[in-house]
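Structure at a glance
Chain residues, written in single-letter form:
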Amino acid sequence: MTLNNAMSITPLPPLKTARVRSKHGSNLGGNFRLPWVSSQWNSTEFLHPLFSSDAVRRARVEFQQDSETIWSKRFIANDDLPAFLKQAFRIPDDALADRWLDVRWNAPALMALWSGAVASGRPKEEGIIVPSAHFFTPETTASTHYFYAISFPRVLGPIAEDLAASNVEALRGPFECEDKPVIEAVARRMAGAPFWSLKPVLLTNDTPSIRARRLVEQKIQKENQMNSLAG
Ligand SMILES: [Fe+2]
């Protein structure tokens with residue numbers, strides 16, 4: 001069962017206004033003190049208090065690249081999941097969970113996620129895996145549509161559709177109240193400046209996304225070269 005949903009990310013006020021106001025040197029805010037950078041917090045925990053557990057902080061993150069496909073694989077042991085996730089992954093109420101999040105990226109902005117969990121200490125093969133998709137389609141140079149979908153196995157019966165509906169609703173809160181305002185605020189502060197010119201602070205977990213960014217940059221460069229040859 002799959003439910004689709006979408007939202008749009010549009011920094012306001014318009015970039016022209018923001019460009020006048022922003023003169024700083026980093027997209028994380030040149031004038032802000034960032035204690036979490038040195039304490040190795042990662043951006044997900046910063047954005048989503050719901051997932052800000054010690055277990056997530058201790059997570060193991062692996063990066064893989066296979067030609068133009070990039071993987072980020074995170075494994076989190078002994079996590080105490082919120083109730084809606086325990087239900088989705090069939091983790092007993094009083095149990096901790098071992099869980100993983102494998103993200104596959106392909107250009108330009110297509111991500112497939114496999115989120116799995118199993119009662120702590122049990123083999124991964126016994127766990128439930130929930131696939132989801134996250135696609136971005138630019139609307140203008142300063143805004144994008146964000147489409148997401150989540151799936152549960154048909155063998156679960158009618159509960160699969162209920163789970164998909166309740167999970168899409170549960171995701172809507174963090175997306176709209178946590179991701180979206182921060183992404184829009186960062187875009188306003190960047191004010192259209194090239195990413196690297198702002199000398200961003202890079203955390204260990206940024207490796208896959210930075211590699212993805214490099215690949216897109218290479219593809220754009222190649223396309224521009226082809227266009228200039230053709231022109
Ligand atoms: Fe997020």
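Here the structure is a predicted model, which is why all the values come from computation and not from measurement. (Residues numbered from 1 in each chain as written. Predicted model: local features only at pLDDT ≥ 70, side-chain atom pairs only at ≥ 80, totals over all residues. Heavy atoms only, no water.)

On to the pattern of salt bridges, then. With the rule as written, the count across this model stands at 9 salt bridges. For the salt bridge of glutamate 217 with arginine 214, the shortest nitrogen-to-oxygen distance reads 3.8 Å. Note that glutamate 217 and arginine 214 are positioned in helix H7 (residues 207–230) at a spacing of 3 residues, about one turn of the helix. Within the structure, one salt-bridge network assembled from shared partners comprises Glu169, Arg172 and Glu176. (Salt bridge = Lys/Arg side-chain N within 4 Å of Asp/Glu carboxyl O. Helix = DSSP H or I, 4+ residues; strand = E, 2+ residues; numbered from the N terminus.)

Attention shifts here to a nonpolar patch on the surface. On the surface, Leu110, Phe135 and Phe147 cluster together into a nonpolar patch covering about 250 Å² of accessible area. Within the secondary structure, phenylalanine 147 is located in strand E7 (residues 143–151). What makes phenylalanine 147 partly exposed here is its relative accessible area of 39%. (Patch = residues over 30% accessible without salt bridge, like charges linked within 9 Å, V, L, I, M, F, W, Y side chains within 5 Å. Areas by Shrake-Rupley, 256 points an atom, 1.4 Å probe, with all protein chains shown as cover. Buried < 20%, exposed > 50% of the residue type's maximum accessible area, 1.4 Å probe, protein only.)

In the sheet, strand E4 (residues 97–106) pairs with strand E5 (residues 110–119) via 10 bridges, with the strands oriented antiparallel. Counterpart to tryptophan 105 in the pairing with E5 is methionine 111. Where E4 hands over to E5, the hairpin turn is made up of 3 residues, counted between the paired strands. Sheet topology note: the E5/strand E6 (residues 128–140) ladder contains 8 bridges and is antiparallel. Looking at E6, one finds that leucine 110 is bridged to phenylalanine 135. (Pairing = 2+ DSSP bridges.)

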